[in-house]
Amino acid sequence: MVPLSAYVAVSAVLFATGLIGVLIRRNFIIVLMAVEIMLNAANINLVAFSYYLESMAGQIVALFVIAIAAGEAAVGLAIIIVVFRGRLSTNVDELNLLKW
Amino acid sequence: MFELLVILIPVLPLAAVLLNGLLGSRYSHDIAHRLGWGSVGLSFLCAVGIFVETLRTGVAREVVAYRWIFGGDLTVNLAFLVDPLTCIMMLVVTGVGFLIHLYSVGYMHGEEGFTRFFTYMNLFMVSMLLLVMGSNYLVLFIGWEGVGLCSYLLIGYYYDRVSAAKAATKAFVVNRIGDAGFLLAIFLIFVNFKTLDYTQVFAQASQLSTGMATAIALCLLIGAVGKSAQIPLYTWLPDAMEGPTPVSALIHAATMVTAGVYMIVRNHVLYDMAPVALTTVAWVGGLTALFAATIGLVQTDIKRVLAYSTVSQLGYMFLACGIGAYTAAIFHLMTHAFFKALLFLSAGSVIHALSGEQDIRNMGGLRSKIPWTHALFLVGTLAIAGIFPLAGFWSKDEIMAHAFTHGQYVLYAMAAIGAFLTAFYMFRLTYLTFYGRSRLDHHVAEHVHESPAVMIGPLVVLAVLSVIGGFPGVPPESGWFHHFLHPVTVAAGGGEEHGAGFGLVATLMVVATAIALLGWGLAHYLYSVRTEAADNLAARAPGAYRTLLNKYYVDELYDFLFVEPAKRLGVVWDWFDRTVIDGIVLGVGRLTQSGSAGSTWIEKHAIYGLINVVGYANHLAARSWRRLQSGKVHHYAAIIVAGLFILVHLILVWWSGSSGIGVASR
Amino acid sequence: MTFNLTLSGSDLLLMLPELLLTVWLCVVLIVDFAMPRLPKDRLAYLSVGGLAAVLLNLIWFDRADVTGTLFANMFVVDRLAVFFKIMIVAATILVVLISVDYVRKFRFFKGEYYFLVLMSALGMMFMASANDLLSVFITLEFSTFGFYVLVAYLRDDVASNEAGLKFFILGVFVAGVLAYGISLVFGETGKLVFSDIAAAQPTTGLVIGFLLIFAALGFKIGAVPFHSWIPDTYHGAPTPVTAFLSIAPKGAAFAILLRMFMVSLATLKPAWVLLLVGASILSMTYGNIVAIAQKNIKRLLAYSGIAQIGNILIGLAAGTKMGGDAILFYLLTYLFANLGAFAVVIAVGNLIQSDEIEDYSGLNRRSPFLAMAMLVFLLSLAGVPPLAGFIGKLYIFVAAINEGLYTLLIVGLINIVISMYYYLIVVKKMYINEPIDPSPLYVSAPMKAVIYVGLAGTLILGVYPRPFIDWAVSATLMFSQFAAPAASAVPPAVLPFGG
Amino acid sequence: MVPFFFVYFSLVSIVAGVLTIAFRNPVHCGLALLTLLLHVAGLFVLLNAEFLFAVQIIVYAGAILVLYLFVLMLLNLKTEERYLHARYAVILFAAAGICGELLLLVLRSPFGGLKGDAPAEAVLKDGASYAIGIKMFSDYLLPFEIVGVFLLGAIIGAIVLAKTPTTVDIEQSDR
């Protein structure tokens, strides 16, 4: 039997990975992928809790997280295309017209 | 009927504000100014009615307009308290205000933004009336902020002058510093009494501990110092002379700046419980009276001399409050309103006659050309100098006598020296302006003309008041004025002693008159008999002269420490270099140069250094903190993560440290 | 595991405003597609019409005191929710009106703009009713994603794109954080509904989970240290969107914050007071100080918005019913003053094509109306009596001192002085500086209407705030267990004189 | 058997996750993310969440990731020399430290929430899809509907931003 804490640990490690990805990657498509990793970490947590706490709520929340992720991916990639058209770059660093 | 009259007093000018403000551009200037002075005049009549009624019944009444704020345990009404103090203040504000409004019709004739001017003036009247009539601290505070705002708008009235813009901002920000102190006091009062009504606060005041009373009183004092231009927040007032002259007369001489005095007198119950605060008030007043008078000695701008004399006279009022002579403070406030309005308006008449010339070095010999203005100005000078038996004599003498009879000899000496200086610089001003050889530019000289009747008329009334305005307060300490104000200004416990014998009082009066005459005589000698003597004197002590001329360099210091570094994008080292190294070099240089004024300068340096380092730190922080906003997304995300990390630890550490709730863990 | 959904017509009635708005946004979309030749202004007025109907509906809810919950306590209609919904819908109406001129500048997809605005409004209305963590997640993302698109709406404008992308990246990042936080809280409690969570024991997981959720809400309202998106996004976004963003989402997020802190976390109050005091002090100080150095009016208002949020957090830190009232009232004052200020910015921006503070020089000569309006709004934001902002600040501060939060009070007062300084910079430019180009400016009718509404609101809330305070007080009745102990009996009035 | 699969799925997930943020070429990153998503789906199976397993593969791996790859191809990005931020190591170590501590803190927590009404046997009786369906269309109907509207908005938003306007669009909008 796998203990709950094992799932929590996997989830936490994935969450940390995603968080670090957001912080260090320059390409914003990869940044979005890192966010997907964070969302997946949350999902693992939710499903694991759902199983161990014998409640369906966790799975349902996970389902909605996936749905929201889908919608945001669509909008996000659209924004990326718009920005790319303007600058021919997907580099986060170069987005610093607005500052101070 | 009574309620209606009371409510009408502020509502009438308010109606004029709304009409002029919203529709002013649709009708002619004539209608606009009639609305302006008419509404104030009607308010004055209402105030007279209230005054007569209060005199008759002798009862303080509270008139509730409506419930203003109500929620939780905070209940505040928009309500007015009508008691003798309010009556006096209402009469002064509406009366002097009415005369100044009338005068403005002539003075502002043909100016751009005539309607706007009257709108602001009336808004000022509304605010000032709320200030003096409010029955709780919040209504007082609305008026308090309102006058600050109007003053900002009116100082900046001539927007083509850069100096006007700077002065306006300075006035408002300095006032705001005071207001923060005042607000803090209001909150402290609310915490302690759970109410903001004067009557309830004062009734419960005796339950207050001395420490808390001192704290409240000192916070109130910060507000009063800001509004009434006392040391160290006085710098805005002389600069505020950039506005049109009627504004200077109304706001910066007769009414608004007296708000601090009014507030202290109104709260004297709290002050009486805090001797430390009272002493502070007295010393702030005494120092200001003396300090401003010395600066007034050498100023060359006719309005600036008057401005410093205002600061100085306000110092007398604070001094009076500080030694417990509240009635004398209000008495001086009233007489000062008369003669200072008179002086400012006559100065305005001079400026009007000389097509805008304000430098007294370019005047002289105007007596024959504008005789009416000359006579009126002279009356004002006699009154402010304290020449028997004009208004200023009685009120100033009473303050000085009170200080003497209560053993405050140092304060008495300061007041006496101040009185001497006052007489001196006021007569200097008079001589340089109206007597001697004409130093006028000949283009100007051709157009010198007496002001129209609409300007002279109000001046005559003010002159009469300046002459007879002191008589309600005669004999000192037991005149009609004192009996009328007695219920308000005397704490429930004690009373103002009338210990001084007639002989002492008479002696002090003679001394006071002698001091004033001495000042007059010196001025006469230096500026009328031997006109070159003054210049010689200045040449012989150039350091002192220049220091005084430059107002002890306080403004330069202010610029030096605050404005200049802010303008340049300086780094910390640059700032250090400037302030500390240059500051020491410059400071030593100036110190040796200024000689006698040195000690005062250090004091100013310390105080202003503190204030401006705070202000500069703001700018520095603004410039360095905004670097946090680097424009890079991953920095922003990092800020979020770091913030979150800190919060988690803050809470967890706090949590494990606190008893009661422990964090369960496996 | 049986199917146990029962929904009656009266249950659905509770959702009437949301349903109406959903139908209406479909109508707007269909009209936009079906009638390509229709001038797009008409869509704005169509939207306003629908929103007005929703507003009337909500006002009826408020008057009739309609309350209830739906879907196993997930959707709640109470006075608090109705209050926030009214605020959101009112803000949306005003925003649609100030957009009319601006939208003309778009080259294409003008109609969809209104659709997206309505959509975000719908999301925020659901937010105001959200009573469990799942709803919080979904409605938060729902209301935010519309803004992602709206912020980047000027497709040819590099600044707008950049603002949109920055907002989006940080937004989804925070969404990930929020999802993880929700998962932790769910694991610790096994529940999602706020009131069910309340019984939970504090554990490390719960603390971290709630802090992550707080981070997401703090991001939404722009509290330091989650504020970093605010200046750039406000700066780059189309100005009406900035105006919308500065009001409505903050209101909606405060609905959730109030429910979360006052219901779920009521027993842990000592811990979160500290958290909120910290966030509040940081927000006020940072926002006010950095605002001093700004050159762009939108950025200035962004930083001032951060500072204002710091002020509102004081009320939350008080953690009492009165604190709640104060927040509601403050948000109302902020709605009018801030929207009004943005309306002026939009009007000026449309006319002179610039948002730099420098270009406000001499505005008073060019348009006394705009200058006067801006003056009133800025003074209200600065808390000068008798305008609305003063009462709001006063109320918040009184709530704080009733809880003994003196530090907050003093920091708040100092910040008021600092804030005055940069508001005055703008006022000085408008009133005292010379205009570069003295040609007069003319303001369009819808814009004028919004500015008048803002002015009226700012003045009325300041001069006669009682009905609004009563409204706020009644909206937070659910928190009355937090009411401060009754004030000690006030002794009868004693006049100092005679009577 | 279950522990073995758990170790396999979780280890591969973590490695794939790290590779997603470590690969230089964006397309490789996408493929690593795909691996991660598939293995997370495997974890879902171990937790009796067959429906989510299917959704994870169909929606996440099948739709979202394909969208990512599609955009990557569309933009035709060349592999960048500097694919990490300047001074990424500082951020990396700081973030790793923070996350490590987070991990420890989270693991200290008991996660002993209240048990719900869906024990494993009851779920397995009719299948997880049935259980989810029942819940989804009773208690969670409202979020379900809201997400429906949300997705409509997402489509419109994506079109508004990304669609190349035709002349018709511009003509229409000129009024």
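Remember, it's a predicted structure, so these values are computed and weren't measured experimentally.

**Some thoughts on the overall build of chain C**
Looking only at helices and strands, chain C has 20 helices and two strands in total. What you see for chain C is a C-alpha radius of gyration of 22 Å, in line with the 23 Å of a compact globule of 499 residues. Along the three orthogonal principal directions, the C-alpha set of chain C runs to about 75 × 65 × 45 Å. Taken across its 499 residues, chain C has 73% of its residues classed as buried. Contacts in chain C between residues at least 24 apart in sequence constitute 80% of all its contacts with a sequence separation of at least 6. Surface accessibility of chain C: about 12500 Å² in total, with carbon and sulfur atoms responsible for 66%.

**Re the overall build of chain A**
The number of helices and strands found in chain A is three helices and zero strands. N-terminal to C-terminal, the α/β element order of chain A is α-α-α. In terms of C-alpha radius of gyration, chain A reaches 17 Å, well past the compact-globule figure of 13 Å for 100 residues. Pairs at least 24 residues apart make up 59% of the contacts formed inside chain A by residues separated by at least 6 positions. On chain A, roughly 1800 Å² of surface is accessible, and the fraction owed to carbon and sulfur atoms is 62%. Of the side-chain charges in chain A, 5 are positive and 5 negative, and the distance between the mean point of each set is 16 Å.

**Quick word on the nonpolar core**
Within the largest apolar cluster, 577 residues are counted, with the highest numbers of intra-cluster contacts made by Tyr7(A), Tyr137(B), Tyr271(B), Phe84(C), Phe173(C), Phe254(C) and Phe261(C). Counting residues per element, this core draws most heavily on helix H14 (residues 321-352) of chain C, at 22 residues. Not counting residues up to four positions away in its chain, the partners in contact with Tyr271(B) are Ala217(B), Leu220(B), Leu221(B), Ile264(B), Ala277(B), Leu278(B), Val281(B) and Tyr326(B).

**With respect to unusual backbone geometry**
Of note, the bond from Val224(C) into Pro225(C) is cis; its omega dihedral lies within 30 degrees of zero at 5 degrees. When you line up the elements, Pro225(C) lands in the loop between helix H9 (204-221) and helix H10 (229-236). For the bond from Pro385(C) to Pro386(C), the omega torsion is 0 degrees, close enough to zero to count as cis. With respect to the helices, strands and loops of the structure, Pro386(C) is situated in the loop between helix H16 (368-382) and helix H17 (388-402). Positive phi values are uncommon outside glycine, yet Ala229(B) reaches one of about 55 degrees. As for its position among the elements, Ala229(B) is in the loop between helix H8 (210-227) and helix H9 (236-239). The class of Ala229(B) is buried, set by a relative accessible area of 0%. Located in the positive-phi region is Asn48(D), a residue other than glycine, with phi close to 60 degrees.

**Section: the packing of aromatic side chains**
Within a pair of aromatic rings, the relevant descriptors are the distance that separates the centres and the angle that separates the planes. Under the counting rule described, the total for this entry stands at 57 aromatic pairs over all chains. Where Phe261(C) meets Trp272(C), the ring centres are 5.0 Å apart and the plane angle is 55 degrees; that geometry is what we call tilted. Of this pair, Phe261(C) sits in helix H11 (residues 239-264) while Trp272(C) sits in helix H12 (residues 269-292), placing them eleven residues apart in sequence. A residue is classified by how much of its surface remains accessible, and Phe261(C), at 2% relative accessible area, is buried. By relative accessible area, Trp272(C) is classed as buried at 3%. Taken together, Tyr148(C), Phe167(C), Phe168(C), Phe219(C), Trp229(C) and Tyr234(C) form an aromatic cluster joined through their ring pairs. Geometry around Phe2(B) places Arg61(B) over its ring, the cationic atom sitting 4.0 Å from the centre.

**Here we look at empty space enclosed by the protein**
Scanning the model with the defined rule gives 17 cavities of 30 Å³ or more in all. In terms of lining, the largest cavity is formed by 17 residues, of which the most central are Leu644(B), Phe645(B), Leu212(C), Ile98(D) and Leu102(D). The set of elements that each furnish at least two residues to the lining of the largest cavity consists of helix H1 (4-24) of chain A, helix H28 (633-657) of chain B, helix H7 (158-189) and H9 of chain C together with helix H4 (88-108) of chain D. It is H28(B) that contributes the most residues to the lining of the largest cavity, six residues altogether. Per-class residue counts for the lining of the largest cavity are 15 nonpolar, one polar and one charged.

**Comments concerning the confidence of the model for chain C**
Residue and element names in this part refer to chain C. Per-residue pLDDT for chain C averages 86, and the proportion of residues at 70 or more is 96%. The secondary structure element of chain C with the lowest average pLDDT is helix H1 (residues 9-13), at 81, and the one with the highest is helix H4 (residues 79-103), at 92. Across residues 484-499, confidence stays below pLDDT 50; counting only partners more than four residues off in sequence or on other chains, it has 19 contacts. Both scores are given for the predicted complex: the pTM is 0.87, the ipTM 0.88.

**A few points about the packing of helix H2 (residues 28-52) of chain A against helix H2 (residues 26-46) of chain D**
Relative to each other, H2(A) and H2(D) sit at 5 degrees, their axes nearing to 11 Å. Considering the angle they form, H2(A) stands roughly parallel to H2(D). For the pair H2(A) and H2(D), the contacting residues are Ile30(A), Met33(A), Glu36(A), Ile37(A), Asn40(A), Asn43(A), Ile44(A) and Val47(A) in the first and Pro26(D), Cys29(D), Gly30(D), Leu33(D), Leu36(D), Leu37(D), Val40(D), Leu43(D) and Phe44(D) in the second. Per-class residue counts for the contact of H2(A) with H2(D) are 13 nonpolar, three polar and one charged.

**A word on the confidence of the model for chain A**
Confidence in the prediction of chain A, expressed as mean pLDDT, is 86, and 92% of residues score 70 or more. In the model of chain A, helix H3 (residues 57-87) of chain A stands out as the element of lowest mean pLDDT, 88, in contrast to H2(A), which has the highest, 91.

Definitions and limits used
Residues numbered from 1 in each chain as written. Chains lettered and ligands numbered in written order. Predicted model: local features only at pLDDT ≥ 70, side-chain atom pairs only at ≥ 80, totals over all residues. Heavy atoms only, no water. Helix = DSSP H or I, 4+ residues; strand = E, 2+ residues; numbered from the N terminus. Rg over C-alpha atoms; globule rule 2.2 N^0.38 Å. Buried < 20%, exposed > 50% of the residue type's maximum accessible area, 1.4 Å probe, protein only. Contact = heavy atoms within 4.5 Å. Areas by Shrake-Rupley, 256 points an atom, 1.4 Å probe, with all protein chains shown as cover. Lys, Arg positive; Asp, Glu negative; His and termini not counted. Charge placed at Lys NZ, Arg CZ, Asp CG, Glu CD. Core = buried A, V, L, I, M, F, W, Y, C linked by side-chain atoms within 4.5 Å. Phe/Tyr/Trp six-rings, centres within 6.5 Å; stacked < 30°, edge-to-face > 60°. Lys NZ or Arg CZ within 6 Å of the ring centre and 35° of its normal. 1 Å grid on protein atoms, 1.4 Å probe; cavity = no way out; pocket = protein on both sides within 12 Å on 5 of 7 lines; lining within 4 Å. Points joined across faces, edges and corners; volume = space filled by probe spheres on them. Nonpolar A, V, L, I, M, F, W, Y, C, P; charged D, E, K, R; others polar. pLDDT = per-residue confidence, 0-100. Axes fitted to C-alpha atoms, helices over the stretch in contact; angles between N-to-C directions. Parallel < 35°, antiparallel > 145°, perpendicular 65-115°, else oblique.

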